[in-house]
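Okay, here's what each chain looks like letter by letter:
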Amino acid sequence: MAELFGYLQLAKKERNMREKIYDLIDAELEKAKSKHPFFPVNPVERCAIMAEEAGEAIQAANDLRYDAGTKEDFQTELLHTAAMCVRILEAMEHDEKCN
């Protein structure tokens, strides 16, 4: 019974953490939309934006591992990348070609 209780506590913590992450991604997405209200129609250009963010995440990971980078910088770049992934998925819902 103790194992089950421990598992449920861990699952609750993970769910709470996931909700916080989703909230951070959503906040980042809203900032990006406010700063850049126009988003490309071309899926290749959309992915290029996301890839640029992913490249910055890779740079932050390298900085964290091999230089004076911070966990916070790495997390920020991961949130930027995730926000662009969500933005692409949202935009696809409005594209006739993708539906």
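As the structure is a prediction and not an experimental result, all values here were calculated from the model.

Moving on: the overall build of the chain. The number of helices and strands found in the chain is three helices and zero strands. Along the chain, helices and strands appear, N-terminal first, in the series α-α-α. Here the chain holds 99 residues, and the buried ones make up 20% of them. Contacts in the chain between residues far apart in sequence, at least 24 positions, make up 68% of those at least 6 positions apart. Total accessible area computed for the chain in this model is approximately 7800 Å², and 59% of it derives from carbon and sulfur atoms.

Judged by side-chain charge, Glu19, Asp23, Asp26 and Glu30 come together as a negatively charged surface patch. Locating Asp26 in the fold gives a position in helix α1 (residues 2-35).

Turning our eyes to something else, we now look at the pattern of salt bridges. Tallied over the full model, the rule gives three salt bridges. The closest approach of N and O atoms between Lys33 and Glu90, which form a salt bridge, is 2.7 Å. Within this pair, whereas Lys33 is found in helix α1, its partner Glu90 is found in helix α3 (residues 71-94), the two being separated by 57 residues in sequence. With relative accessibility at 28%, the residue Lys33 sits in the partly exposed group. A salt bridge links Arg46 to Asp95, with the nearest nitrogen and oxygen atoms 2.5 Å apart. One end of the pair, Arg46, is in helix α2 (residues 43-66); the other, Asp95, is in the segment after α3, and 49 residues separate them in sequence.

Our next topic: α2. Owing to its 3.6 residues per turn, the α-helix brings residues three or four apart onto one side. The terminal C-alpha atoms of α2, which comprises 24 residues, lie 34 Å apart, in line with the 34 Å expected from a rise of 1.5 Å per residue. By the burial criterion, the buried members of α2 are Arg46, Glu53, Ala57 and Ala60. Of the surrounding elements, those touching the buried residues of α2 are α3. Two or three places before Val44, at the opening of α2, Asn42 has a side-chain oxygen 2.7 Å from that residue's backbone nitrogen.

Scoring rules and cut-offs
- Per chain, the residues get numbers from 1 upward, laid out in the order the sequence is written.
- Whole-chain, interface and lining totals are the exception, using all residues; otherwise, since this is a predicted model, local features are given only for residues with pLDDT of at least 70 and side-chain atom pairs are given and counted only at 80 or more.
- Only hydrogens and water are set aside; all other atoms, that is, all heavy atoms of the structure, feed into the side-chain values.
- Think of it this way: any DSSP run of H or I at least four residues long counts as a helix, any run of E at least two long counts as a strand, and we number them from the N terminus.
- Accessible area is worked out with a 1.4 Å probe on protein chains only. A residue is then buried under 20% of its type maximum, exposed over 50%, and partly exposed in between.
- Should any heavy atoms of two residues lie within 4.5 Å, those residues are considered in contact.
- Per-residue accessibility takes into account occlusion by the displayed protein chains alone, with areas from the Shrake-Rupley method and a 1.4 Å probe.
- Patches here: salt-bridge-free residues with over 30% relative accessible area, like charges joined within 9 Å, nonpolar side chains (Val, Leu, Ile, Met, Phe, Trp, Tyr) joined within 5 Å.
- A side-chain nitrogen of Lys or Arg and a carboxyl oxygen of Asp or Glu constitute a salt bridge if their distance falls within 4 Å.
- Neither His nor the chain ends contribute to the count of charged residues, in which Lys and Arg are positive and Asp and Glu negative.
- Note that the charge is assigned to NZ on lysines, CZ on arginines, CG on aspartates and CD on glutamates.
- Between the first and last residue of a helix there are one fewer steps than residues, each counted as 1.5 Å, and that sum is the expected span.
- The definition of a polar contact used here is a pair of N or O atoms within 3.5 Å, where within protein one atom must be able to donate a hydrogen and the other to accept one, and adjacent residues in sequence count solely through side-chain atom pairs.

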